[in-house]
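If you want the building blocks of each chain, they are given just below.
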Amino acid sequence: QASMMLLQESLESGAAMAQFEQLYRKKHGLTMNAARLPANIPKNRYRDVSPYDQTRVILKGSQNGDYINANFVNMEIPGSGIINRYIAAQGPLPNTCADFWQMVWEQHCTLVVMLTTKVERGRVKCHQYWPDLYETTDFGTNQERHIKHMQYIAWPDHGVPDDPADFLDFVIRVRKNRIGMVEPTVVHCSAGIGRTGVLITMETAMCLVEANQTVFPLAIVRQMRDQRAMLIQTASQYKFVCEAILRVYHETIVRPLDDYQR
Ligand code: PTR
Ligand code: PTR
């Protein structure tokens, strides 16, 4: 309760955004060497967005090397025994689609959450890595797995979702799809930092609220950035997610209590 009032105040005064701006974008001491190897440079969508070596997803069975621009991001929910596991990734490029599926296969992922459209304002943001409907592909093995794909389409990069209620609804659906899942959920946008960071923060905060734990949004961002650099890209994205957290807190804790007392 006290932490939520503090959050409300620091949003109103602008202090929350100032604190966010001051937070490190990359953790000191972690390296990004694999991303810079000549063979791997064409596998990065943006030259300024690289995965840490320490937490990067390493491909085991790819003929194309072990590198993909993706990190494991594990978010622990104290007091609940829950660890939400994610793979935060860039949107596949034409030359990394096979690697992307190799990663999904090797990590036993069954849910892929996409937070970008293929093209935004005339610029390509993500290659279509899934087959067209009715297209059948023969991989030469008899193994088959079912993977759920969810896409949020009303949220351009560097921006915030058009509608906070729709966004919360989407995050709740992601959570429902993840119930009981131990394998990591793949979350990607275009660079795999801005929108991906907002989604992971939101789901983490929802779990904390439900577990009756204190929510410190900046601590969530720090925990994420220790695993993939630059998660949550702009102060307005941070503000958006903080406001959404307040809303969730109000709806799950404050309002039911009011109703009960009435
Ligand atoms: N947003 C583009 C990208 O990250 O790819 C723009 C960009 C291009 C940014 C090149 C930095 C770049 O690096 P350099 O200035 O060293 O060519
Ligand atoms: N250099 C690129 C740019 O600033 O445009 C990198 C970049 C691109 C960063 C998209 C974040 C982006 O948003 P998201 O991570 O939400 O796809």
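Summarised in this report is the structure supplied together with it.

Conventions and cut-offs
Residues numbered from 1 in each chain as written. Chains lettered and ligands numbered in written order. Predicted model: local features only at pLDDT ≥ 70, side-chain atom pairs only at ≥ 80, totals over all residues. Heavy atoms only, no water. Helix = DSSP H or I, 4+ residues; strand = E, 2+ residues; numbered from the N terminus. Buried < 20%, exposed > 50% of the residue type's maximum accessible area, 1.4 Å probe, protein only. Near = heavy atom within 4 Å. Polar contact = N/O pair within 3.5 Å; in protein donor to acceptor, adjacent residues only side chain to side chain. Areas by Shrake-Rupley, 256 points an atom, 1.4 Å probe, with all protein chains shown as cover. Nonpolar A, V, L, I, M, F, W, Y, C, P; charged D, E, K, R; others polar. Pairing = 2+ DSSP bridges. Axes fitted to C-alpha atoms, helices over the stretch in contact; angles between N-to-C directions. Parallel < 35°, antiparallel > 145°, perpendicular 65-115°, else oblique. Left-handed = near helix turned anticlockwise from the far one by under 90°. Contact = heavy atoms within 4.5 Å.

Describing unusual backbone geometry
One non-glycine residue, R121, lies in positive phi territory at about 45 degrees. Residue placement: R121 occurs in the loop between β4 (119–120) and β5 (123–124). Take R121: its relative accessible area is 61%, and that puts it in the exposed class. Look at N212: it is not a glycine, yet its phi comes out positive at around 60 degrees. Locating N212 in the fold gives a position in the loop between α5 (194–210) and α6 (217–225). Assessed through its relative accessible area of 66%, N212 is described here as exposed.

Focus: the site of ligand 2
As a matter of local geometry, ligand 2 sits amid 13 residues, with D48, S190, A191, G194 and R195 nearest to it. Between H158 and ligand 2, the recorded distance is 3.4 Å, taken from a side-chain N or O atom to an oxygen atom. Surface burial for ligand 2 is 83%, taken as the share of its 410 Å² of free accessible area covered by protein chains. Across the shell around ligand 2, the residue classes break down as 5 nonpolar, 5 polar and 3 charged.

Let's talk about the site of ligand 1
The immediate surroundings of ligand 1 are formed by Y46, R47 and D48. A distance of 3.2 Å is found between an oxygen atom of ligand 1 and a side-chain nitrogen or oxygen belonging to R47. Between D48 and ligand 1, the recorded distance is 2.8 Å, taken from a side-chain N or O atom to an oxygen atom. The protein chains hide 36% of the 410 Å² of surface that ligand 1 would expose on its own.

Quick look at the pairing of strand β2 (residues 82–89)
Put simply, side chains in a regular strand alternate between the two faces of the sheet. The pairing of strand β1 (residues 70–77) with β2 spans 8 bridges and is antiparallel. Pairing of V73 across the sheet is with Y86, part of β2. What sits between β1 and β2 in their antiparallel hairpin is a turn of 4 residues, with G79 showing a positive phi close to 80 degrees. Where β2 and strand β7 (residues 185–188) come together, 4 bridges link them in parallel fashion. When the bridges of β7 are listed, A88 appears paired with V187.

Quick word on the packing of helix α2 (residues 15–22) against helix α7 (residues 235–261)
It is the contact of α2 with α7, at a shortest axis distance of 9 Å, that shows an interaxial angle of 130 degrees. Classified by the interaxial angle, the pair formed by α2 and α7 is oblique. The interaxial crossing formed by α2 with α7 has right-handed handedness. Here α2 contributes A16, M17, F20 and E21 to the contact with α7, which in turn contributes A235, Y238 and K239. Broken down by class, the residue content of the contact of α2 with α7 amounts to 5 nonpolar, no polar and 2 charged.

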